[in-house]
Amino acid sequence: MTESIKANSALLVVDVQNDFCPGGALAVEEGDQVVPRLNPWVERFAKAGRPIAYTRDWHPREHCSFREQGGPWPVHCVQKTSGADLHPDLKVKGPLFDKAFKADEEAYSGFGGFLVDANGRISNLSLADWLRGHGVKHVYIGGLTTDYCVRTTTLDALKEGFEATVLGDAIRAVNVHPDDGRRAVEEMKRAGAEFMGVSLSV
Ligand SMILES: [Zn+2]
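Please read all numbers here as calculations on a predicted model, not as lab measurements.

Draft legend 1. Representation of the coordination of the zinc ion in the model. Of the protein atoms, only D57 (OD), H59 (NE2) and H76 (NE2) coordinate the zinc ion, at distances of 2.0 to 2.1 Å. Mapping the donors of the zinc ion onto the primary sequence yields the spacing D-x1-H-x16-H. A residue pair is termed long-range when its members are at least 10 positions apart, and H59 in the loop between β2 (52–57) and β3 (96–99) and H76 in the loop between β2 and β3 qualify at 17 residues. Here H59 matches H76 in class, with each residue buried.

Draft legend 2. View of unusual backbone geometry. The residue after L144, namely T145, is reached through a cis peptide bond having omega -5°. Take T145: it is sitting in the loop between β6 (138–144) and α3 (146–159). The phi dihedral of E30 falls on the positive side, at around 60°, and the residue is not glycine. If you trace the backbone, E30 turns up in the loop between β1 (9–14) and α1 (34–47).

Draft legend 3. Region of interest: α3. Counting buried residues along α3, 10 of its 14 residues qualify, which places the element largely inside the surrounding structure. The complete set of buried residues in α3 reads T146, D147, Y148, C149, V150, T152, T153, T154, L155 and A157. Packing partners of the buried residues in α3 comprise β1, β3, β6, β7 (163–172) and α4 (180–191). Once α3 finishes, G161 follows within two positions and takes phi at roughly 95°, a positive value.

Draft legend 4. Quick look at empty space enclosed by the protein. According to the stated counting rule, one finds one cavity of 30 Å³ or more in the structure shown. For the largest cavity, the calculated volume is near 110 Å³. Looking at the lining of the largest cavity, its residues break down into nine nonpolar, two polar and two charged.

Draft legend 5. Highlighting the nonpolar core. By size, the foremost hydrophobic cluster in this structure holds 55 residues, and its most contacted members are L11, L131 and V139. The element best represented in this core is α1, accounting for six residues. Not counting the four nearest positions on each side in its chain, L131 is found in contact with A10, L12, F111, V136, V139 and F162.

About the thresholds
Residues numbered from 1 in each chain as written. Predicted model: local features only at pLDDT ≥ 70, side-chain atom pairs only at ≥ 80, totals over all residues. Heavy atoms only, no water. Donors = N, O, S within 2.8 Å, 3.2 Å for Na, K, Ca; no water. Helix = DSSP H or I, 4+ residues; strand = E, 2+ residues; numbered from the N terminus. Buried < 20%, exposed > 50% of the residue type's maximum accessible area, 1.4 Å probe, protein only. Contact = heavy atoms within 4.5 Å. 1 Å grid on protein atoms, 1.4 Å probe; cavity = no way out; pocket = protein on both sides within 12 Å on 5 of 7 lines; lining within 4 Å. Points joined across faces, edges and corners; volume = space filled by probe spheres on them. Nonpolar A, V, L, I, M, F, W, Y, C, P; charged D, E, K, R; others polar. Core = buried A, V, L, I, M, F, W, Y, C linked by side-chain atoms within 4.5 Å.

Geometry only, nothing functional implied.
And the structure:
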């Protein structure tokens, strides 16, 4: 990893939760493989004193995205269950931002997330406002999943006026349709996101 991180940047780690990893309720193939690719970036941003934010899908048990409520997904990332926990091997060096925590609201994008405060309560500070408060202009994005939450987080970052670099080796797709991940990458690129690989030898 020889390229230096850009000035005024932050790292966004999207939904690296047990339910999206092998063995989880909405497992993504190789979902856990993003963890060893993200950890060197976490170390790097921490060392540089740059902000790192972690988003979580954080659903109530009757969430509208679940099939039993007419939604498209199996029950996943239910609040305060182990499935909603971040992957145990992920290095956590920044605050959590929870999203889709109301039964009738879906939020794929991390920009639908709000800061979890020191008491573990969801505050009213949005991810975008938190980033701006830290003087962030450029976000690096990795995590799960390429075709849903990484895609929408990246598109929203650009819409919010941030520059975005997607860590291309540190994302994985659900691929409900076989090409969804590839199409999502194309969509993010068209919208203006840069892509960058990650060396594992760091
Ligand atoms: Zn969800």
